[in-house]
Amino acid sequence: MSDHHDAAHDDVLPDAPHSTFKGYMTGFVLAVVLTVIPFWAVMADVFESTGVTALVILSLAAVQIVVHMIYFLHMNFRSQGGWNMLALIFTAVIVFITLAGSLWVMYHLNVNMMPGMMQDPWG
């Protein structure tokens, strides 16, 4: 019975990152701050341009994703022999391709199918 118990813990890496209460609290505070700043920017109408506001919100969202990955998911280039980071990079590339392609298609649909360009079927 004890052999089975010892074998179950062989999968745990000795250099695997383990977080502390301080690490979790740091991540929590950063996540709260990165949530409050965009909320404040929208509610207080800080920026005159909605494009600038959207860019700030998207930038802070990307930073918050990194905070969550580091402090809560414990991802770095050493965990799991680097495979975690390789999987993350692959996922990011696929998401970028999907989003860029979707925005490209929607832009061209908007430009090429404007209501003024379509013929009236009853006219």
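This report concerns the structure included in the present document. Since we're looking at a predicted model, the values are computed, not measured. (Residues numbered from 1 in each chain as written. Predicted model: local features only at pLDDT ≥ 70, side-chain atom pairs only at ≥ 80, totals over all residues. Heavy atoms only, no water.)

Looking now at the overall build of the protein chain. Within the protein chain, the regular secondary structure consists of 4 helices and 0 strands. Counting helices and strands in the order they occur from the N terminus, the protein chain gives α-α-α-α. Looking at the protein chain as a whole, 14% of its 123 residues qualify as buried. Sequence-distant contacts, at least 24 apart, represent 60% of the contacts inside the protein chain between residues at least 6 apart. When the accessible surface of the protein chain is split by element, carbon and sulfur atoms take 73% of a total near 10,300 Å². (Helix = DSSP H or I, 4+ residues; strand = E, 2+ residues; numbered from the N terminus. Buried < 20%, exposed > 50% of the residue type's maximum accessible area, 1.4 Å probe, protein only. Contact = heavy atoms within 4.5 Å. Areas by Shrake-Rupley, 256 points an atom, 1.4 Å probe, with all protein chains shown as cover.)

To continue, consider the packing of aromatic side chains. Counted under the stated rule, the structure contains 1 aromatic pair. Plain terms: the ring middles of Tyr 24 and Phe 72 are 6.2 Å apart, the flat faces sit at 15° to each other, and that makes the pair stacked. Of this pair, Tyr 24 sits in helix H2 (residues 21–43) while Phe 72 sits in the loop between helix H3 (50–71) and helix H4 (83–112), placing them 48 residues apart in sequence. A relative accessible area of 37% means that Tyr 24 is categorised as partly exposed. (Phe/Tyr/Trp six-rings, centres within 6.5 Å; stacked < 30°, edge-to-face > 60°.)

Together, Phe 21, Met 25, Phe 28, Val 29, Val 32, Val 33, Val 36, Ile 37, Trp 40 and Val 46 make up an exposed nonpolar region whose accessible area comes to about 920 Å². Among the secondary structure elements, Met 25 is positioned in helix H2. Accessibility expressed as a relative area gives 35% for Met 25, which makes it partly exposed. (Patch = residues over 30% accessible without salt bridge, like charges linked within 9 Å, V, L, I, M, F, W, Y side chains within 5 Å. Salt bridge = Lys/Arg side-chain N within 4 Å of Asp/Glu carboxyl O.)

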